[in-house]
Amino acid sequence: MKSPSRSGVFQSGADTRMEAYGESISFDRRLYRHDIRGSIAHAEMLATVGLLSTDEYKLIRDSLKEIEAELDADELPIRFELEDIHMHIEQALIDRIGDTGRKLHTARSRNDQVSTDIRMWIRDALDEVDHGLELLQRAFLNRCEQDFEVILPAYTHLQRAQPVLAPHYWLAYIEKFSRDRERVADCRRRVNRCSLGVAAVAGTTLPIDRDQTAQSLNFESVTANSLDTSSDRDFMLETAFTLSLVASHLSGWAEEWILWTTVEFNFIKLPEAFCTGSSIMPQKVNPDALELTRGKSARVMGNLQTLMLLVKNLPMAYNRDLQEDKPPLFDSFDTILAMLSIAEPIVAGSKLQREPISRRLEEGYLDATTLMEWMMKKGMPQRRAHHLVGAIVSDAMSQGVALKDLPLDALQSHDQEIDASVYDCLGTENAVAAFVSYGSTAPDQVRHQIEHWQERLGT
Ligand code: ARG
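Residues numbered from 1 in each chain as written. Predicted model: local features only at pLDDT ≥ 70, side-chain atom pairs only at ≥ 80, totals over all residues. Heavy atoms only, no water.

So, the overall build of the chain
Counting its secondary structure elements, the chain contains 18 helices and six strands. Radius of gyration (C-alpha) of the chain: 31 Å, far over the 23 Å computed for a compact globule of 459 residues. Within the chain, the fraction of its 459 residues that count as buried is 48%. Sequence-distant contacts, at least 24 apart, represent 76% of the contacts inside the chain between residues at least 6 apart. Carbon and sulfur atoms provide 51% of the accessible area of the chain, an area that totals close to 21,900 Å². With 50 positive and 70 negative side-chain charges, the chain shows a spacing of 3 Å between the two charge centroids. (Helix = DSSP H or I, 4+ residues; strand = E, 2+ residues; numbered from the N terminus. Rg over C-alpha atoms; globule rule 2.2 N^0.38 Å. Buried < 20%, exposed > 50% of the residue type's maximum accessible area, 1.4 Å probe, protein only. Contact = heavy atoms within 4.5 Å. Areas by Shrake-Rupley, 256 points an atom, 1.4 Å probe, with all protein chains shown as cover. Lys, Arg positive; Asp, Glu negative; His and termini not counted. Charge placed at Lys NZ, Arg CZ, Asp CG, Glu CD.)

Dropping the structure here:
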């Protein structure tokens with residue numbers, strides 16, 4: 001069968017190797033619902049402006065719905081000579097209703113059709129990502145209450161730095177995923193513009209109404225320049241970047257919790273159902289789900305690079321290279337949604353190892369900076385206090401004790417001004433309680449942030 005896109009200009013059919021090389025139906029089939037929705041809206045507009053009769057529109061609409069049901073049931077045969085989902089559907093329509101079906105492509109090209117379909121598809125997929133991110137935020141937020149009393153070391157350079165409340169960590173992730181959700185919403189605005197009616201590249205001489213199509217497909221507006229629109233894939237790149245940043249956040253979290261599950265840290269126990277064993281070492285309980293999350297993030301970032309390279313040298317406007325945009329984009333969405341669906345139950349079901357955490361909490365001088373600030377509150381210049389506390393820590397280290405276990409005279413040997421009230425800021429629990437600044441780990445700040453998020457997420 002000859003492809004409907006081969007006009008009378010061709011003397012012969014395509015080589016079957018070319019058809020197999022050029023097909024995209026194997027991956028763009030998943031656009032079929034959006035393609036049918038777009039075609040129905042297009043046909044309705046054609047009827048409004050008089051390019052189709054009302055009866056023709058209704059016949060096209062009803063037939064497209066039947067074809068959709070066939071696709072739902074996986075009953076539409078795949079034929080490489082029809083290249084993509086758009087021509088499969090159009091050909092199925094022509095097979096059913098003949099010349100009326102041949103009118104559907106009036107004032108339309110596959111260039112604007114593909115772009116519109118993928119924009120509609122991305123809108124829906126972004127909404128799913130947003131939902132997944134929200135569920136993950138909720139899982140972290142639920143942990144905040146149950147873990148409120150737990151103190152954890154905060155690290156810089158992966159060295160123990162200062163003590164923080166466990167919910168301060170959970171809120172940190174909620175903030176990251178909140179920015180991701182802002183980016184999703186922002187990028188969705190630029191995705192949400194209708195390309196239909198741009199036709200191939202210059203527009204059309206037929207009297208179409210682009211606003212009508214855009215409105216019935218729930219687009220915010222129509223794109224303004226046909227050349228730009230025919231070539232534009234910015235919205236895909238932005239989407240791929242937005243997903244890459246989600247992947248980066250998930251990967252960082254996975255890395256952190258992988259460390260936390262080690263004997264060396266022993267901070268957290270993952271739900272067994274998301275761990276795997278070793279075929280040779282009977283004692284192993286491995287955090288494979290987190291390792292896969294770290295690993296899969298590479299694919300999402302790689303997909304962004306693929307898309308960047310795909311478009312960077314294209315002259316305007318549509319070029320067939322752009323057919324290669326869909327596999328990386330689909331893969332990024334599939335991967336991110338899978339990552340989110342695994343992250344949520346892991347966050348919800350993991351248990352902090354409270355006893356081992358607190359047993360080693362006084363190691364690493366997490367309260368040293370608090371002691372320094374205690375001295376500054378007494379009037380000592382920061383640089384002097386910094387030096388002095390360094391010397392005190394050095395003393396404590398050589399004795400193998402925590403700061404709070406140094407006797408007063410040992411502290412006073414460094415500075416006569418130190419009095420017994422210093423013990424109110426020593427020890428990790430006191431050190432946490434001493435914070436006051438906005439955004440800090442001060443318990444009432446953390447409490448305030450939890451309430452803020454409970455309100456925002458409506459829990
Ligand atoms: N399968 C093609 C794609 O996904 C359809 C667009 C083809 N347009 C064209 N002028 N050949 O990009």
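And the narrative resumes.
Some points on the packing of helix α4 (residues 54-72) against helix α5 (residues 85-97)
Two numbers describe a pair of packed helices, the interaxial angle and the distance between the axes. Look at α4 against α5: their axes get within 10 Å of each other, and the N-to-C directions meet at 120°. It follows from the interaxial angle that α4 and α5 lie oblique. In this structure, α4 crosses over α5, and the sense of that crossing is right-handed. The residues of α5 that touch α4, namely those facing L59, I60, S63, L64, E66, I67, E70 and L71, are I85, I89, A92, L93, R96 and I97. Here the residues of the contact of α4 with α5 are counted per class, giving 10 nonpolar, one polar and three charged. (Axes fitted to C-alpha atoms, helices over the stretch in contact; angles between N-to-C directions. Parallel < 35°, antiparallel > 145°, perpendicular 65-115°, else oblique. Left-handed = near helix turned anticlockwise from the far one by under 90°. Nonpolar A, V, L, I, M, F, W, Y, C, P; charged D, E, K, R; others polar.)

Things to note about the site of the ligand
Close to the ligand lie S24, E83, D84, R110, N111, V114, Y318, Q323 and K326. Contact distances for the ligand include 2.8 Å between a nitrogen atom and a side-chain N or O atom of E83. One of the side-chain nitrogen or oxygen atoms of K326 is found 3.4 Å away from an oxygen atom of the ligand. In isolation the ligand has 340 Å² of accessible area, and contact with the protein removes 84% of it. Here the element with the most residues in the shell around the ligand is helix α6 (residues 110-146); it accounts for three residues. Looking at the shell around the ligand residue by residue, the class counts come to two nonpolar, three polar and four charged. (Near = heavy atom within 4 Å. Polar contact = N/O pair within 3.5 Å; in protein donor to acceptor, adjacent residues only side chain to side chain.)

Here's the deal with a nonpolar patch on the surface
The grouping of V201, L227 and M316 at the surface amounts to a nonpolar patch, some 260 Å² of accessible area in total. With respect to the helices and strands, L227 occurs in helix α9 (residues 226-231). The exposure class of L227 is partly exposed, given its relative accessible area of 38%. (Patch = residues over 30% accessible without salt bridge, like charges linked within 9 Å, V, L, I, M, F, W, Y side chains within 5 Å. Salt bridge = Lys/Arg side-chain N within 4 Å of Asp/Glu carboxyl O.)

Concerning the environment of A348
Following the sequence through the fold, A348 ends up in helix α12 (residues 326-349). For the pair A348 and L141, spaced 207 residues apart in sequence, the C-alpha to C-alpha distance is 9.5 Å. Residues within four places of A348 in sequence aside, it is in contact with A139 and R143.

A few points about helix α3 (residues 32-48)
With 17 residues, α3 should cover 24 Å at 1.5 Å per step; its first-to-last C-alpha distance of 24 Å lies within 8% of that length. The buried fraction of α3 is high, at 13 of 17 residues. Immediately beyond the C-terminal end of α3, within one or two residues, lies G50, with a positive phi of roughly 90°. (Expected span 1.5 Å × (residues − 1).)

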